[in-house]
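Here is how the chains run, residue by residue.
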Amino acid sequence: MAGGVDAGGETAACEVEREPDPSDSLRTFGAVVQALREYAGLSRAQFVELVRFSKHTVESVELGRRMPDASFVERAEEALGNTGALRHSARFLTRGEAGLAVWFRRWARLEQVAVSLCTYECRLVPGLLQSEGYMRALCENDIPPMADVDLEATVQARLERQRLLRERPNTTFDFIVEESVFMRRLGGAEVTRELIDYVLELVAPRNVTLQVMPADSEYHACMAGPIQLLETPDASWRAYAEGQENGRLIADPKQVSKLHMRYARLRSQALTPKDSTGLLERMRGAL
């Protein structure tokens, strides 16, 4: 399952090393933040003002439910005495909820700071656009079957990752998805209706675009498979490629450039965003 079903330092090899329990690492980091805050005599409301993050974000970090991004770590360090404890411990954080496979975690961390994210998917709806019903249908079709507790943890991890779309209005998100992915009706007609409604809602903001690659197109620049690309704050690009039970983060500029060219050509071959939403609306009406 891609990141598990999604569709993972800068190396072209897949990440396979053993990592500590992610929930333990996040809870430990959060406990350290809370302890340092209280030692400094700061209420959570006062700390929120100093780090310039929402109360919800600060609470989620302290409770070990959220991966802090680099700016949170830096601001928290400055607010809590610049001991270096948070900078040092943040290097060992993992974001390995059930929905994020070990090979996907480095990519997930880069997503947190990216200024641009580009995704092409031909197998399933990208994780950032999946409705909860669709997520559950994917998990229920996974082989070997998932335990109920793992399924629930996976769904919650995916929903948490989707906060990117809502909390990063200055990041551009571009998606190209094959028409056949929506035609498959995974989970049945009702799940597909809910999925299409959800996708249309998520791609409505100005910083998010969706293009559908028509099933009858005679041209196709990405026959080699899915592509994910992102631009970092320092204007460099990374790519991510994934198969069954493996994935790799690609940093080599020549390889990234090749994938970037393919994605750019595919954008010219896919339907426009307006025509894409129109197609989805017609598909929704036909269900």
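The shown structure was predicted, so the numbers you read here are calculated from the model rather than taken from an experiment.

**Q** Hey, could you run me through the pattern of salt bridges in this one?
**A** Pairing between side chains becomes possible if they bear opposite charge and their charged atoms approach one another. Tallied over the entire structure, the rule returns 15 salt bridges. Here Glu-160 and Arg-163 are joined by a salt bridge, their closest N and O atoms 3.5 Å apart. Of the residues examined, Glu-160 reaches a relative accessible area of 24% and is grouped as partly exposed. Several salt bridges converge on common partners, so that one network encompasses Arg-37, Arg-44, Glu-59 and Glu-62.

**Q** So what exactly am I meant to see when it comes to helix α3 (residues 55-62) here?
**A** Since the α-helix advances by 3.6 residues per turn, residues separated by three or four positions end up pointing in the same direction. Among all positions in α3, only Thr-57, Val-58, Ser-60, Val-61 and Glu-62 are buried. A positive backbone phi angle near 75° is found at Gly-64, which sits one or two residues after α3.

**Q** Please clarify how the environment of Ser-217 should be interpreted in this entry.
**A** Within the secondary structure, Ser-217 is located in the loop between β3 (208-213) and β4 (227-231). As for Ser-217 and Gln-269, which are separated by 52 residues in sequence, their C-alpha atoms are 8.0 Å apart. Side-chain polar atoms of Ser-217 contact the backbone oxygen of Tyr-219, separated by 2.8 Å.

**Q** Would you mind going over the side chain of Arg-238 with me for this structure?
**A** Take Arg-238: it is sitting in strand β5 (residues 237-243). Residue class for Arg-238 comes out buried when judged on its relative accessible area of 11%. There is a polar contact of 3.5 Å between the side chain of Arg-238 and the side chain of Ser-236.

**Q** Where do I start with the side chain of Glu-121 in this structure?
**A** Looking at the element boundaries, Glu-121 is found in strand β1 (residues 116-121). Classification of Glu-121 by relative accessible area gives buried; the value is 1%. Within the local environment of Glu-121, its side chain forms a polar contact with the side chain of Arg-123, the two groups lying 2.8 Å apart.

**Q** What should I look at first to understand the packing of aromatic side chains in this one?
**A** Aromatic ring pairs are defined here through the distance separating the ring centres and the angle between the ring planes. Per the stated rule, a full pass over the model turns up three aromatic pairs. Look at Phe-47 and Phe-72: their rings are 6.4 Å apart centre to centre, the planes differ by 85°, and that puts the pair in the edge-to-face class. In this pair, Phe-47 is assigned in helix α2 (residues 44-51) and Phe-72 in helix α4 (residues 70-79), connecting sequence segments 25 residues apart. Here the aromatic residues Phe-47, Phe-53 and Phe-72 are joined through ring pairs into a cluster of three or more.

Reading the values: the criteria
- Residues numbered from 1 in each chain as written.
- Predicted model: local features only at pLDDT ≥ 70, side-chain atom pairs only at ≥ 80, totals over all residues.
- Heavy atoms only, no water.
- Salt bridge = Lys/Arg side-chain N within 4 Å of Asp/Glu carboxyl O.
- Buried < 20%, exposed > 50% of the residue type's maximum accessible area, 1.4 Å probe, protein only.
- Helix = DSSP H or I, 4+ residues; strand = E, 2+ residues; numbered from the N terminus.
- Polar contact = N/O pair within 3.5 Å; in protein donor to acceptor, adjacent residues only side chain to side chain.
- Phe/Tyr/Trp six-rings, centres within 6.5 Å; stacked < 30°, edge-to-face > 60°.

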